[in-house]
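# Inside the fold
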Amino acid sequence: MRRLKRDVERGLTVKNHSSYASRGPDTVNGRPPVEAPHDSVHVGIGLPMYTGSSPYDPIFFMHHCFVDKLYESYLTNYNTDGQSEFQRNNPAEYTAWLEPFVNAGTQVVPNDLYDIAALGYSYTRA
């Protein structure tokens, strides 16, 4: 648990968005800062959270809500825009289906998920 807390705190100090959100020079344990705590929880919980079936586990939803909050905190703290960078650097992935997720019969893609206000929620500062 201490390592997870340390990884989260360390990750939020990385000022370069590309380094925070992707494999950049500012890594924690060889992984991008946002991925270090993300991966640790998947592995620490065990089956099925570290397999391809993890999206079907209810814990997956809670875990990813927390990861989303961390990422939104990062974007707010550094007043940065992760969407345009992701679209520019990963154009094919920007509109690729995030299987198995579907909303109102439509496949969910990354482009659908950047504006959290449009998704009907916001985070408060803790």
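In this report, the structure presented in the accompanying data block is examined. In this text, all values refer to a predicted model and were calculated from it rather than measured experimentally. Every chain is numbered independently, its residues counted from 1 as its sequence is written. With pLDDT at 70 or above as the cut-off, local features in this predicted model cover only qualifying residues; side-chain atom pairs require 80 or more to be listed or tallied, and sums for whole chains, interfaces and linings still use all residues. Side-chain figures throughout are based on the complete set of non-hydrogen atoms in the structure, without hydrogens or water.

### As for helix α3 (residues 35-45)
To be explicit about the condition: Buried means the residue's accessible area, taken with a 1.4 Å probe over protein chains only, is under 20% of the maximum for its type, while exposed means over 50%, and partly exposed covers the values in between. Runs of H or I in DSSP of at least four residues are treated as helices and runs of E of at least two as strands, each being numbered from the N terminus. Pairs of residues are marked as contacts when any of their non-hydrogen atoms sit within 4.5 Å.
Among the residues making up α3, those that are buried are Ala 36, Pro 37, His 38, Val 41 and His 42. Residues of α3 that are buried make contact with α1 (2-11) and α4 (58-78). With its phi angle positive at about 90 degrees, Gly 46 sits one or two positions after the end of α3.

### Structural notes on the packing of α3 against α4
Operational definition: Under this scheme, a helix contributes an axis fitted over its contacting stretch, all axes are lines through C-alpha atoms, and angles between N-to-C directions fall in the 0 to 180 degree range. Oblique is the label for any angle not covered by the other classes, which are roughly parallel (under 35 degrees), roughly antiparallel (over 145) and roughly perpendicular (65 to 115). It is the rotation of the near helix from the far one that decides the hand of a crossing: anticlockwise by less than a right angle makes it left-handed, clockwise makes it right-handed. Note on residue categories: nonpolar means Ala, Val, Leu, Ile, Met, Phe, Trp, Tyr, Cys or Pro, charged means Asp, Glu, Lys or Arg, and polar means any other residue, Gly included.
Direction vectors running N to C along α3 and α4 enclose 160 degrees, while the axes themselves pass 10 Å from each other. Accordingly, the angle class assigned to the pair α3 and α4 is roughly antiparallel. Taken as a pair, α3 and α4 cross one another with a handedness that is right-handed. Where α3 approaches α4, its residues Pro 37, His 38, Val 41, His 42 and Ile 45 are matched on the opposing element by Ile 59, Phe 60, His 63, His 64 and Val 67. Tallied by class, the residues present in the contact of α3 with α4 amount to six nonpolar, four polar and no charged.

### Regarding a nonpolar patch on the surface
Applicable threshold: To count toward a patch, a residue needs a relative accessible area above 30% and no salt bridge. Like charges then connect within 9 Å, nonpolar side chains (Val, Leu, Ile, Met, Phe, Trp, Tyr) within 5 Å. Each accessible area is a Shrake-Rupley estimate made with a 1.4 Å probe; only the visible protein chains count as cover when residues are assessed. The salt bridge criterion pairs a side-chain nitrogen of Lys or Arg with a carboxyl oxygen of Asp or Glu, the two atoms within 4 Å.
A surface patch of nonpolar side chains, about 560 Å² in accessible area, is lined by Trp 97, Leu 98, Phe 101, Val 102, Leu 113, Leu 119 and Tyr 121. Residue placement: Val 102 occurs in strand β1 (residues 102-103).

### Concerning the nonpolar core
The following threshold applies: Nonpolar cores are built from buried Ala, Val, Leu, Ile, Met, Phe, Trp, Tyr and Cys residues. Side-chain atoms within 4.5 Å join them into one set.
In this structure, Val 8, Val 14, Tyr 20, Val 34, Val 67, Leu 70, Tyr 71, Tyr 74 and Leu 75 together form the largest nonpolar core, which totals nine residues. Considering each element in turn, this core owes the most residues, five residues, to α4. Not counting the four nearest positions on each side in its chain, Tyr 74 is found in contact with Gly 11, Leu 12, Val 14, Lys 15, Asn 16, His 17, Tyr 20 and Thr 80.

### Brief notes about empty space enclosed by the protein
Going by this rule: With a 1 Å grid spanning the protein atoms alone, the term cavity applies to any set of points in which a 1.4 Å probe fits but cannot get out, the term pocket to an open set with protein on both sides within 12 Å along at least five of seven lines, and the term lining residue to any residue with an atom within 4 Å of a point. Grid points are joined across faces, edges and corners, and a volume is the space filled by probe spheres set on the points.
By the definition in use, this model includes one cavity of 30 Å³ or more. Reported here for the largest cavity is a volume of approximately 30 Å³. Along the walls of the largest cavity sit Val 8, Gly 11, Leu 12, Tyr 20, Pro 33, Val 34, Pro 37 and Leu 70, which together make up its complete lining. Of the residues belonging to the lining of the largest cavity, the class tally is seven nonpolar, one polar and no charged.

### Regarding the side chain of His 42
Our working rule: Counting of polar contacts relies on pairs of N or O atoms within 3.5 Å, with two restrictions inside protein: one atom must be capable of donating a hydrogen and the other of accepting it, and residues adjacent in sequence are counted only when both atoms are side-chain atoms.
When you line up the elements, His 42 lands in helix α3. Under the relative-accessibility criterion, His 42 is labelled buried at 9%. At a separation of 3.2 Å, a polar atom in the side chain of His 42 contacts the side chain of His 38. Here His 42 is in contact with Met 49, Tyr 50, Ser 54, Phe 60, His 63 and His 64, once residues within four sequence places are set aside.

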